[in-house]
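Observations on chain architecture
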Amino acid sequence: CKTSFCLDIPFFIFISSAQAQVSLMLPDLVVEEFKLSSVPTFVGRDRNAKVRVPVKAVIRNRGNADAGSFKIAAFLTEGGILPFNARGVFGESSLRFPHISAGIPAGNEITVFGNILITRSKVGRQISIKVDSCAEEEVFSPTIRMYCYVTERNEGNNTSGSITVNRIIPDPQWQRGP
């Protein structure tokens, strides 16, 4: 201070959490649509036959940044992971967990078609999917993470609504005679 009259007062700027969140450039993956794409069918003829549940999922990145690679998992709403073999626009096929390797640009969506396999005992139960899933990651990682592959603006909106399988038709390949 060059004069004899100076006050040294600290200057603070307060930012609300809402203002801080707006400034963050993050993706936000959501399942906008999850439904049966056709009628489920039995796979096989014996009493241990599985039920193939064909589904369609529309996954959107509502964020303001591109989402990188992520995994999708299917599960029973009451608990228990299910095999999910899917094909996506940007996706790859995986026997258990579809892995969308190209991610989704900000504001865009992809449509994924696939088959979820359930046992007969699971018919009538609710099925959902989760994007950016960490399913079975705990086997390979000693730490449980809040997110799996994509750090998002909202980590609490990655699970779809549920569907229930009530009607099943026999697999057409088993309808044919010898």
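Residues numbered from 1 in each chain as written. Predicted model: local features only at pLDDT ≥ 70, side-chain atom pairs only at ≥ 80, totals over all residues. Heavy atoms only, no water.

**Brief notes about the packing of aromatic side chains**
In the structure shown here, the tally under the stated rule is zero aromatic pairs. If you follow Arg120 out to its NZ or CZ, it ends over the ring of Phe42, 4.4 Å from the centre. (Phe/Tyr/Trp six-rings, centres within 6.5 Å; stacked < 30°, edge-to-face > 60°. Lys NZ or Arg CZ within 6 Å of the ring centre and 35° of its normal.)

**A word on the pattern of salt bridges**
When their charged atoms lie close together, side chains carrying opposite charge are able to pair. With the rule as written, the count across this model stands at seven salt bridges. As a salt-bridge pair, Glu32 and Arg60 come within 3.4 Å of each other at their nearest N and O atoms. Taken together, the residues Glu32 in strand 1 (residues 29-36) and Arg60 in strand 3 (residues 50-61) connect sequence positions 28 residues apart. For Glu32, a relative accessible area of 37% corresponds to the partly exposed category. Under the relative-accessibility criterion, Arg60 is labelled partly exposed at 23%. Between Glu33 and Lys35 there is a salt bridge whose closest N-O contact spans 3.3 Å. When salt bridges that share partners are traced, they join Glu32, Arg60, Arg62 and Glu109 into one network. (Salt bridge = Lys/Arg side-chain N within 4 Å of Asp/Glu carboxyl O. Helix = DSSP H or I, 4+ residues; strand = E, 2+ residues; numbered from the N terminus. Buried < 20%, exposed > 50% of the residue type's maximum accessible area, 1.4 Å probe, protein only.)

**Focus: the nonpolar core**
As a rule of thumb, soluble globular proteins bury nonpolar side chains together. Ranked by size, the top nonpolar core spans 30 residues in total, and within it Phe34, Phe70, Ile72, Ile116, Ile127 and Ile129 carry the most contacts. Where this core is concerned, the elements lending two or more residues are strand 1, strand 3, strand 4 (70-76), strand 6 (84-88), strand 8 (109-119) and strand 9 (126-131). Per-element accounting of this core gives the leading share, five residues, to strand 3. (Core = buried A, V, L, I, M, F, W, Y, C linked by side-chain atoms within 4.5 Å.)

**Digging into the environment of Gly68**
For Gly68, the position within the fold is in the loop between strand 3 and strand 4. Since its relative accessible area comes to 36%, Gly68 is described here as partly exposed. Between the C-alpha atom of Gly68 and that of Gly103, which follows or precedes it by 35 residues, the distance is 4.2 Å. Ignoring anything within four residues of it in the chain, the contact list for Gly68 reads Gly103 and Val150. (Contact = heavy atoms within 4.5 Å.)

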